[in-house]
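Here are the chains, one letter per residue:
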Amino acid sequence: MWFCGTVTPPLIVEGYKKDQALQDKLNAARAANDFPLYQSLMRELRQQKSGGAEPVLKPLLLRYADGRLTRLDVDGSAVKSLMAIHVESPSRVWLTGSEGAILFGSAETGFNPVPHAGQVTENLVSIDRFRDRFIIASDFGLFEFDGHVLTRLKPRLNSPEINRNVPNPLCIQSVGDILMYFDLKHGVCRWDGENWDWIDIPDALLEREFKGLK
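Colleague: Which parts of the structure should I look at to understand the side chain of Asn123?
Modeller: Residue placement: Asn123 occurs in the loop between strand 7 (110-113) and strand 8 (124-130). Taking the relative accessible area as the measure of exposure, Asn123 reaches 15% and is therefore buried. Separated by 3.0 Å, the side chain of Asn123 and the backbone nitrogen of Glu99 make a polar contact. Sequence-distant contacts of Asn123, defined by excluding residues within four places in its chain, comprise Gln39, Met83, Gly97, Ser98, Glu99, Gly100, Ala137, Ser138 and Asp139.

Colleague: Please clarify how helix 2 (residues 20-31) should be interpreted in this entry.
Modeller: Each full turn of the α-helix corresponds to 3.6 residues, which orients residues three or four apart in the same direction. With 12 residues, helix 2 extends 16 Å between its outermost C-alpha atoms, agreeing within 8% with the 16 Å of an ideal straight helix rising 1.5 Å per residue. Taken residue by residue, helix 2 has Leu22, Gln23, Leu26 and Ala29 as its buried positions. All buried residues of helix 2 project into a common sector of 125 degrees when viewed along the axis, lining one side. Where helix 2 ends, the next residue or the one after it, Asn33, has phi of about 60 degrees, a positive value.

Colleague: What am I meant to see in the sheet that holds strand 7 here?
Modeller: Two strands in a sheet stick together by hydrogen bonds in their backbones, pointing the same way (parallel) or opposite ways (antiparallel). Ordered in space as 4-5-6-7, the four strands form an open sheet in which the pairing is antiparallel. Because the sheet does not close on itself, it has two edges, and the strands there are strand 4 (82-89) and strand 7. Recorded for the sheet is a direction-independent mean angle of 25 degrees between the axes of neighbouring strands. Bridge analysis of strand 6 (residues 102-106) against strand 7 gives four bridges, and the strand direction is antiparallel. By the bridge assignment, Phe104 is partnered in strand 7 with Asn112.

Colleague: Looking at this model, I keep getting lost on the nonpolar core. Mind explaining?
Modeller: In a soluble, globular protein the nonpolar side chains are often hidden away together inside. Of all hydrophobic cores here, the largest spans 14 residues; its most connected members are Ile135, Leu142, Ile172, Tyr181, Trp191 and Trp196. Looking at this core, the elements that each hand over two or more residues are strand 8, strand 9 (133-138), strand 13 (178-183), strand 14 (187-191) and strand 15 (196-198). Setting aside its immediate chain neighbours within four residues, Ile135 contacts Ser126, Ile127, Asp128, Phe130, Phe143, Glu144, Leu153, Ile172, Leu179 and Trp191.

Criteria and cut-off values
Residues numbered from 1 in each chain as written. Predicted model: local features only at pLDDT ≥ 70, side-chain atom pairs only at ≥ 80, totals over all residues. Heavy atoms only, no water. Helix = DSSP H or I, 4+ residues; strand = E, 2+ residues; numbered from the N terminus. Buried < 20%, exposed > 50% of the residue type's maximum accessible area, 1.4 Å probe, protein only. Polar contact = N/O pair within 3.5 Å; in protein donor to acceptor, adjacent residues only side chain to side chain. Contact = heavy atoms within 4.5 Å. Expected span 1.5 Å × (residues − 1). Arc of directions from axis to C-beta. Pairing = 2+ DSSP bridges. Axes fitted to C-alpha atoms, helices over the stretch in contact; angles between N-to-C directions. Core = buried A, V, L, I, M, F, W, Y, C linked by side-chain atoms within 4.5 Å.

Here you go:
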């Protein structure tokens, strides 16, 4: 099993707990899926607690095997945060992260950045293999990836009037010949490589406190 994330300096966590007003703003921004505001508030928090300087964020990569949890070194990659993992085989592991970062390697050989064309600097939040290609989800889009070039993939959105027709991916998952696409604002759909089949979700299931279907 593999795990990834970010090592957050304690000053950020402590500041978040002590500043109730800022905590309320962060919670409200997260509930509204307003990620630009959320990121802006987090930058404000980091600068407040570090005297105006941006603290150093470090990527975290863990591997669990043979009853042991081992931390792997990826600090030399310059990526601040790791957000997704795709394991093709023990010797072929792909990592994606902040500011368009893609890394490739293994637990034995280490991980190296993968230069890619496409000028994508968004956070890459999910990756999976779909048939003969990779699909990568960023904060605000989907991409096809051939190992060298990121090409923007435009989903046919369920509600194009929401968020100015901009995708807001949460996760992708390949299941056989179908790619499941989860979008924070537009919902869930199946993609067969050509058609985007959006799944109808009852409003009751979307309530914060689910009280059962009628």
